[in-house]
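# Chain and residue survey
If you want the building blocks of each chain, they are given just below.
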Amino acid sequence: MGNKILVVDDEKLIVKGIRFSLEQDGMEVTAAYDGEEALALAKSGEFDLILLDVMLPKLTGFEVCQQVREFSDVPIIMLTAKGDDIDKIMGLEYGADDYVTKPFNILEVKARIKAIIRRTKKDRPEEQKNLIVKGEMKLDCESRRVFIGEREVNLTAKEFDMLELLALNQNKVYSREKLLNLVWGYDYPGDARTVDVHIRRLREKIESHPSDPKYVHTKWGVGYYFRG
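Here is a short report on the structure shown in this document. Treat the numbers as computed from the prediction; the structure is a model and nothing was measured.

## Some words on the pairing of strand S6 (residues 131-134)
Of the two faces of S6, only the one carrying Ile-132 and Lys-134 is buried; Leu-131 and Val-133 on the other face are not. Looking at chain direction, S6 and strand S7 (residues 137-140) are connected through 4 bridges and run antiparallel. Its bridge partner lying in S7, Ile-132 is registered against Leu-139. Hairpin connection of S6 to S7: 2 residues between the antiparallel strands, including Gly-135 at a positive phi of 60 degrees.

## Section: the nonpolar core
Ranked by size, the top nonpolar core spans 26 residues in total, and within it Met-137, Leu-163, Ile-206 and Val-216 carry the most contacts. Mapped by element, the contributors of at least two residues to this core are S7, strand S8 (145-148), helix H7 (157-168), helix H8 (176-184), helix H9 (193-206) and strand S11 (223-226). With 6 residues, the single largest contributor to this core is H7. Setting aside residues no more than four positions away along its own chain, Val-216 makes contact with Leu-163, Leu-166, Ile-199, Leu-202, Arg-203, Ile-206, Glu-207, Tyr-225 and Phe-226.

## Quick word on the sheet that holds S8
Spatial strand order, S6-S7-S8-S9: 4 strands in an open sheet with antiparallel pairing. Looking at the sheet topology across the chains shown, the edges are occupied by S6 and strand S9 (151-153). Looking at each pair of strands side by side, their axes are set apart by 20 degrees on average, direction ignored. Along the sheet, H7 contacts S6, S7 and S8; its crossing angle with S7, the most-contacted strand, is approximately 110 degrees.

## Some words on the sheet that holds strand S2 (residues 28-32)
Read across the open sheet, the 5 strands follow the order S2-S1-S3-S4-S5; overall the sheet is parallel. The open sheet has two free edges, formed respectively by S2 and strand S5 (98-101), since each of these has just one partner strand. Between one strand axis and the next, the sheet turns by 20 degrees as a mean value, whatever way the strands run. Where strand S4 (residues 76-80) meets S5, 4 bridges bridge the pair, whose relative direction is parallel. The residue of S5 that forms the bridge with Met-78 is Tyr-99.

Conventions we followed
- Residues numbered from 1 in each chain as written.
- Predicted model: local features only at pLDDT ≥ 70, side-chain atom pairs only at ≥ 80, totals over all residues.
- Heavy atoms only, no water.
- Buried < 20%, exposed > 50% of the residue type's maximum accessible area, 1.4 Å probe, protein only.
- Helix = DSSP H or I, 4+ residues; strand = E, 2+ residues; numbered from the N terminus.
- Pairing = 2+ DSSP bridges.
- Core = buried A, V, L, I, M, F, W, Y, C linked by side-chain atoms within 4.5 Å.
- Contact = heavy atoms within 4.5 Å.
- Axes fitted to C-alpha atoms, helices over the stretch in contact; angles between N-to-C directions.

Have a look at this one:
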């Protein structure tokens, strides 16, 4: 099975041309023609990359990119008809990995896609699938066990879920609300203080000095992040 690509553009002829070219290279293409459809597909499917037009109905490409970044680190290439640097900068500011200016050469687009997917898979260490090693800490994602040195640390399910999320996205700051939504779910009736309590308990279990943490850090006024 080839790489799965989500192509988002309201111009159906452009989508048709991109789809044909990518499928020739063995990629699996799903199309969306507006921002809301793109966001729904991004949430429901696992894609290796999203090719995202800036000018879209319902939600702009920037809005889609920003919202996708709330739940996924899938690579995103923005397509923009404008050559303005501000559009390019905004696209990257919202979390895009690259941009291509229209009119584009499809060979260049394919080369960018392949390069980003290759780099992403290379950057995604083998340990991420089963084992995360950060300093003295080892997280076995398959057995859901955590070790500090040779000592096993017993975490609750939510403590493990939160630690795994933070460790897989090192240096990325998550707000308390974002952690609450990602770990507990959007329909969870509790509030952000739940996150604070779990972070405190987690630190007490994994940190030698919980008040001066080595792994789970606080960015004051923003949220929490992991640094090994």
